[in-house]
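Coordinate analysis (summary)
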Amino acid sequence: MKPYSFSDILNKWSSDLIQEIYEGINEDKILHALENDSLSIEDLIALLSPKAVPFLEKMAQKANQLTRWHFGRTISLYTPIYLSNLCASDCVYCYFASHSGIREKRVTLTEEQIREECIELSKKGIQTVLLLTGDAPNRVPVEYIEQAVRIAKEYFKSVNVEVYSMDEAHYAQLAHAGTEGVTLYMETYDKDTYDKVHLSGKKKDYLYRLDALERAGRTGIRRLTCGVLLGLSDWRFDVVWLALHAKYLEKTCWQSVISLSFPRLKHTPPRFKVPHLVNLEKLVQIITAMRLFLPYSPFNLSTRESAEVRDHLIPLGITSMSAGSSTRPGGYKVYQDTTTSQRPVLEQFEIDDHRTVEEVVSAIKAQGYDPVWVDFEPGFIKSL
Ligand code: SF4
């Protein structure tokens, strides 16, 4: 018999079935979902439905209460380090895409340059980093990423990666080098949209990407982060599939923490216009509904959002934020000064929160929350 996989679950939860449930949502079902402590997928759909918009205030209050219970008044901080902007895949929404039409400089940091970036960031007090690359395994092989993890481990307590999907043996290599977490967004679970926006390259393989986090989880990676790129497809379906994926990973990768991100697509290359823009009200509905469905999961919010939006969302379920970010390889030291360079180094997307690490820390404290520089100590497990 074919082994059980997440694609079996996706097949069961077709868009037709989800649409049918949305059409049957009424006020009683929304109130039932709000009163329930353990939500079913049908409850989640009730909270994501257009009819739940008048209940947003109640959802926000409950999301705040649940987050306080499970995480206290804490916000974990991390900073991305882009290692390379080379990419052999062609995703229409991304500036790094092989055919994005953007002529800015493509670079891959040398070991010495990675070290310079790490030193610069560690001076700011950062202890958790996320290493990123494009999808270019021939030019930026797993061995390079593995070495980057080893270098970063010399400077930071927690090193995580957001790189191309890979085989289990390669994830094991990264785990062995000290990688704590793997972030990998499906971008969209809608297969038709996925095929349309991923024109070529390895990322075009939908099923290989769909199972990637599970492969990473099998190697003992402690934190798995999933997400969809809000705006690519109809979020009322994608968010339900994301919730199903998170639940599936909770069961199959029970030794890992399953966290979620809510990246909202806003700035795209000229060749692509965001087809399903998600406004702030919808983002609040998504985050609060998901907090009620997944009360224990860490939720991240990156600098894709403005300072104002991020500050507004802190009490509504967010538990982790990036700070002082650059989406350009070498953006902290090596290629920081783009004005003197003839051709600036290409960044992946424009960030909307330009505050320094210190400013983000102050904003978190101003709301009565404590910034957390590192939220896990591996030595604790070893000593048990
Ligand atoms: S999203 Fe990732 S794989 Fe796609 S073009 Fe951008 S960097 Fe490459």
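See the structure printed just above.
Below is a summary of the structure that appears in this document.

Rules used in this analysis
- Residues numbered from 1 in each chain as written.
- Predicted model: local features only at pLDDT ≥ 70, side-chain atom pairs only at ≥ 80, totals over all residues.
- Heavy atoms only, no water.
- Phe/Tyr/Trp six-rings, centres within 6.5 Å; stacked < 30°, edge-to-face > 60°.
- Helix = DSSP H or I, 4+ residues; strand = E, 2+ residues; numbered from the N terminus.
- Buried < 20%, exposed > 50% of the residue type's maximum accessible area, 1.4 Å probe, protein only.
- Lys NZ or Arg CZ within 6 Å of the ring centre and 35° of its normal.
- Near = heavy atom within 4 Å.
- Nonpolar A, V, L, I, M, F, W, Y, C, P; charged D, E, K, R; others polar.
- Axes fitted to C-alpha atoms, helices over the stretch in contact; angles between N-to-C directions.
- Parallel < 35°, antiparallel > 145°, perpendicular 65-115°, else oblique.
- Left-handed = near helix turned anticlockwise from the far one by under 90°.
- Contact = heavy atoms within 4.5 Å.
- Salt bridge = Lys/Arg side-chain N within 4 Å of Asp/Glu carboxyl O.
- Pairing = 2+ DSSP bridges.

The next subject is the packing of aromatic side chains. Per the stated rule, a full pass over the model turns up eight aromatic pairs. For the pair Phe6 and Tyr189, a centre-to-centre distance of 6.1 Å together with 80 degrees between the ring planes defines the contact as edge-to-face. In this pair, Phe6 is assigned in helix 1 (residues 6-12) and Tyr189 in the loop between strand 4 (179-183) and helix 9 (191-197), connecting sequence segments 183 residues apart. You can call Tyr189 buried: its relative accessible area is 3%. Both rings, one in Tyr155 and one in Phe156, keep their centres 6.5 Å apart while their planes meet at 55 degrees; by these two values the pair is tilted. Each residue in the set Phe6, Tyr189 and Tyr248 is aromatic and connected to the rest through ring pairs, giving one cluster. The ring of Tyr369 carries the charged tip of Arg73 above its face, separated from the ring centre by 4.7 Å. Geometry around Phe299 places Arg291 over its ring, the cationic atom sitting 3.9 Å from the centre.

Every residue lining the ligand is accounted for by Cys87, Ser89, Cys91, Tyr93, Cys94, Phe96, Ala97, Gly134, Asp135, Lys203 and Gln348. For the shell around the ligand, a count of residues per class yields six nonpolar, three polar and two charged.

Next up on the list: the packing of helix 12 (residues 235-252) against helix 13 (residues 280-293). Where helix 12 meets helix 13, the closest approach of the two axes is 11 Å, and the angle between their N-to-C directions is 25 degrees. When the axis of helix 12 is compared with that of helix 13, the two are roughly parallel. Once helix 12 is placed against helix 13, the crossing between them reads as right-handed. In this structure, helix 12 contributes Trp235, Arg236, Val239, Leu242, Ala243 and Lys247 to the contact, and helix 13 contributes Lys282, Gln285, Ile286, Met290 and Phe293. Classifying every residue of the contact of helix 12 with helix 13 gives seven nonpolar, one polar and three charged.

Here we come to the pattern of salt bridges. On inspection of all chains with the given rule, the structure shows 20 salt bridges. Between Glu250 and Lys247 there is a salt bridge, and its shortest N-O distance comes to 3.8 Å. In this pair, Glu250 and Lys247 are both assigned in helix 12, three residues apart and thus about one turn of the helix distant. Exposure remark for Lys247: the relative accessible area of 29% places this residue in the partly exposed category.

Here the focus is the pairing of strand 3 (residues 158-162). Of all five residues making up strand 3, five are buried, and the element is well covered by its neighbours. Residues of strand 3 alternate between two faces, with Ser158, Asn160 and Glu162 on one and Val159 and Val161 on the opposite face, all of them buried. Where strand 2 (residues 128-132) and strand 3 come together, five bridges link them in parallel fashion. Paired with Leu132 across the strands is Glu162, a residue of strand 3.

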